[in-house]
Amino acid sequence: MAALSGSSSDCCTLKKTLNKLTSKTSASPRARTHSEPLYVISLERYGRDPDFEIRFPDVISMSDSLFDATITDGYCKIRVSLDPALNRLISRNKLHCGIVIRNVEFSRGEDNDGDGGTYHVCSLEVDRMSGSDAALRALSSVNVRSIPWMGGEPDAGPLRARRSSYLPLWNNQDFYGEMWRDTPPSEPGAEEESGDEIEDTRSTISLAVIRRRFLSGSRRFDGAVCVRILQKSRLMYYGKADQKCECPYKAELLVADGTSSACVVLWNTLCFDWYRILQPGQVVKLSHYRVKESFSSRSGQESEPHIEISLNSRNPTAQISIIPKNQISPDWALPNLPHTFICSRDLPSCPHGDICDVIGVVIFIGRSERVRRQDGQRSELEEYRWLQLEDGTSDKPTMIKLFSTSQPEIQNRIYPMSLVVCTRLKLIRSTVDRATTFGYLTNTSLTQVYCTGTGSHPVMPYRGVRPIRQFLQWLKQVDESSMLERAVIGGYFNYPPLPVSLHIFMENRQGEAGLISGGEIKLACERLNYRERRRFAIQCVITAACYHHREDSEQTQYSDLPSAPLSPRVPRQKERTEPQRTTVKRKLFSSTTPRKRLAPPLQPPVIEDDAERDFSLFDGAMEFLVGECDDDSNDDEEDEEDFSTPPTSPMTSRLGLTRAALETLPRVFCYERRHIQAAAVGMQANAFHKLLPQRELQSFSPASCYTGYFTLTMRALSDGVTLDAIFLPTVPGNLHWAPLPLSHDNSWESLLSHGGFSPHAPPPSPADLITTADQLTNQRLLCVLEACALGGDKVEFVLNRAFPLR
């Protein structure tokens, strides 16, 4: 069905409202809908430009982003720009694709600022009562793409800034949109010339000669250069609000021939044409370029001067051509593609900061999160996910904190049981105590990722090298069913482990913010953006503890501790879904209650083998690593079902969730539904056709590494603010959340300071821990909390460590 049934002229809210703005009899510059629902079916972001103050003279905004949205009433649709005052609703994911909006106020663009014929949303109300997937339900019988555009289909570009393309919704490092080509552009019909810098493409010149001539002062380079691409950087967006550049992108390629190496920079629209196409290992011929001193030389990072080859879309128009393998001349003596593959067995002996390549099978990929990074005066959010790889050389997986590599078509399709090659990763080491360190790998600007099932095998340049062949030999012997049982996707994950000593923890903070109050945490959480992660340290006492079992959420044990004298103890109430249940703690843990040993919180249970295995790990690897022609070489409602009443004092704030959100728990990997599962644990989609029902994530069972969690109610010593935090202790035998190799007595104090149970003793049952929770009575603790904004007003707190204060 193209649109909802009924007469569009009579029912179309958008037409009736927007016609008021074009009517000659209307004196108002604005028009507003009322209670009629409108649905957001796409949301797109772009950088603002110097004309911002002209288009929005009455707006004061610190954000560099603007947003366009496509909205519909089911009968027609229209693309509109959104007022910058609404940005905060988007950054918190309160206003998103799939939501219902009401009382929408429109204005029409002015001809004198270039926006004539476009419409602008000045204000709106988000209908949160309808749910975050209300558009999916309301438009379930509608082909949204066939809904007619009001006034004709709009242009593809941003509405309120002179930018050539939209940005990804949640980061600046990926490309987004159809203008990013995946096939080489045709040769230009005409060439712009720039006097002294035109090259004769019939001849070639070496990099060494170019460097020698440049350093001698010459600016004329007669000839094309034939080089091999050794490394490729991620995409760099340098757009600023005060810059008029319509396409502010650049990317770097490290290239070499038989004489020297150099950095090649793709500028602006050349990134649209070539960034996705050029890959490490390719041989390219470059002509019509500029040469200048490299950035590393200009900034003093290099002792010797180096050159940089700039490729521009004009003045002059650079020419790039990929040379087929059968046309590569041996006389060029091009270097082979370098590699430094390291296996998981050898990683512990590598030094901090070492650069390496890895290959392995993904056994875990976490949920998408974001962290704020400061780059000079500019602060931006970077998106990342945790990966665990197995390569058969060690019983400990390789840990990778993978940020964007400007390969969204690959990174969005990395699933458990995929084979992944990651290049140019940097080793980071973290100290737990004087003798224990943990290491993980993370991106450099030159990191590239290759993965089975993503179509990246034709460009994977490391086929045939010895580490790949050794990995294939191990892969032949892998028990796929056993590995699939251990595969995990999504959920909270934290690495590396924090120190167990308060002294070492404070030493390692290295300029991070010190201890803060509960009120400061509240203000900081209100500023968090969607899926932004941040760590806080605060002095608290624990006032209550309860345990939530995996199999049945109603199997919950409580313990309210005697309160410290700062504020009244938080009372408990009955669970809403079980009104007849009593929650008297003395009765639950009286001497007559059998102290039956339950399963420890994170002990892996026995699960049934999945009958359907419609894939072969080794067969998939052969196409990827060998190829056909081998080279010679919780939703909001659930989260509100708390076990606790609000604080008795109206002046006391309460933060956190009293139950784990759906996004917190790791899930069993389901190969048959891997595409849906990956989307369910990913970031909020920006288009209607990518939306999933709100509770889709709940259709996947929690992973075997999870059997339950503790909820700890804490009160800040500074101001009495109450925080509810999830505690997921590590357990012996659990490879996903492995305990530290340090023995302790499994008391509450040791459990909280180590982040989990002792690896050398059976863990106590949750019931035993709850009955001994009075050990924490009036115990002052320095608590390390991992906060993550899950969208809307939901902020998840996970207790990482709690150090006793003497």
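Caption draft 1: Quick peek at the overall build of the protein chain. Secondary structure summary: the protein chain contains 19 helices and 30 strands in total. For the protein chain, the residues scored as buried account for 57% of the 806 residues in total. If you sum the accessible surface of the protein chain, you get close to 35,600 Å²; carbon and sulfur atoms cover 48% of it.

Caption draft 2: Inspection of the packing of aromatic side chains at higher detail. Scanning all chains against the criterion turns up 25 aromatic pairs. Residue placement shows Arg373 over the ring face of Phe403; its charged tip is 4.2 Å from the ring centre.

Caption draft 3: Representation of the confidence of the model for the protein chain. Of the residues in the protein chain, 82% reach a pLDDT of 70 or more, and the chain-wide mean stands at 84. Segment residues 188-201 is flagged for pLDDT under 50; beyond a separation of four residues in sequence, or across chains, it makes 35 contacts in the model. Scored below 50 in pLDDT, residues 630-651 shows 60 contacts in the model against residues more than four places distant or in partner chains.

Caption draft 4: Region of the structure containing the pattern of salt bridges. In this structure the tally under the stated criterion is 25 salt bridges. Between Arg32 and Glu105 there is a salt bridge, and its shortest N-O distance comes to 3.7 Å. With Arg32 in strand β1 (residues 30-32) and Glu105 in strand β5 (residues 100-108), this pair connects stretches of sequence that are 73 residues apart. Classification of Arg32 as partly exposed rests on a relative accessible area of 35%. Of the residues examined, Glu105 reaches a relative accessible area of 15% and is grouped as buried. A salt bridge links Lys522 to Glu526, with the shortest nitrogen-to-oxygen separation between them at 2.7 Å. You can see Lys522 and its partner Glu526 sitting in helix α13 (residues 518-527), four residues apart, about one turn around the helix. Overall, Lys522 belongs to the partly exposed group, its relative accessible area being 28%. Looking at Glu526, the relative accessible area reads 39%, which means it is partly exposed.

Caption draft 5: Expanded view of helix α6 (residues 207-215). The set of residues buried in α6 consists of Leu207, Val209, Ile210 and Phe214. One side of α6 carries all its buried residues, which in axial view fall inside an arc of 160°. Tucked into the core, α6 has its buried residues touching β7 (225-232), β9 (249-256), β10 (261-267), β12 (290-293) and β13 (307-311). Once α6 finishes, Gly217 follows within two positions and takes phi at roughly 105°, a positive value.

Caption draft 6: Expanded view of the pairing of strand β29 (residues 781-791). Most of β29 is tucked away, with 11 of its 11 residues classed as buried. Pairing analysis gives eight bridges linking strand β23 (residues 533-549) to β29, with the strands arranged antiparallel. Each bridged residue has a counterpart across the sheet, and for Cys540 the counterpart in β29 is Leu781. Taken together, the 10 bridges between β29 and strand β30 (residues 794-804) define a ladder with antiparallel strand orientation. Within β30, the residue paired with Glu786 across the bridge is Val798. Linking β29 to β30, which pair antiparallel, is a turn of two residues; within it Gly792 sits at a positive phi near 65°.

Caption draft 7: Quick look at helix α2 (residues 13-22). Every buried residue belonging to α2 is among Thr13, Leu14, Thr17, Leu18 and Leu21, and all of these are buried. The buried residues of α2 occupy an angular sector of 95° when projected down its axis, which confines them to one face.

Caption draft 8: Structural view of the pairing of β10. Within β10, six of the seven residues are buried, which leaves the element mostly enclosed by the surrounding structure. Direction of pairing for β9 relative to β10: antiparallel, over a ladder of seven bridges. Along β10, the bridge assignment pairs Val255 with Ala262. Where β10 and β13 come together, four bridges link them in parallel fashion. If you follow Cys263 over to β13, its bridge partner there is Glu308.

Caption draft 9: Expanded view of the environment of Asp68. Among the secondary structure elements, Asp68 is positioned in strand β3 (residues 65-72). Of the residues examined, Asp68 reaches a relative accessible area of 0% and is grouped as buried. Residues Asp68 and Arg160, 92 residues apart in the sequence, show an inter-C-alpha distance of 8.4 Å. Setting aside chain neighbours within four positions, we find Asp68 in contact with Ser42, Leu43, Glu44, Tyr46, Arg79, Val80, Ser81, Gly157, Pro158, Leu159 and Tyr166.

How each quantity is defined
Residues numbered from 1 in each chain as written. Predicted model: local features only at pLDDT ≥ 70, side-chain atom pairs only at ≥ 80, totals over all residues. Heavy atoms only, no water. Helix = DSSP H or I, 4+ residues; strand = E, 2+ residues; numbered from the N terminus. Buried < 20%, exposed > 50% of the residue type's maximum accessible area, 1.4 Å probe, protein only. Areas by Shrake-Rupley, 256 points an atom, 1.4 Å probe, with all protein chains shown as cover. Phe/Tyr/Trp six-rings, centres within 6.5 Å; stacked < 30°, edge-to-face > 60°. Lys NZ or Arg CZ within 6 Å of the ring centre and 35° of its normal. pLDDT = per-residue confidence, 0-100. Contact = heavy atoms within 4.5 Å. Salt bridge = Lys/Arg side-chain N within 4 Å of Asp/Glu carboxyl O. Arc of directions from axis to C-beta. Pairing = 2+ DSSP bridges.

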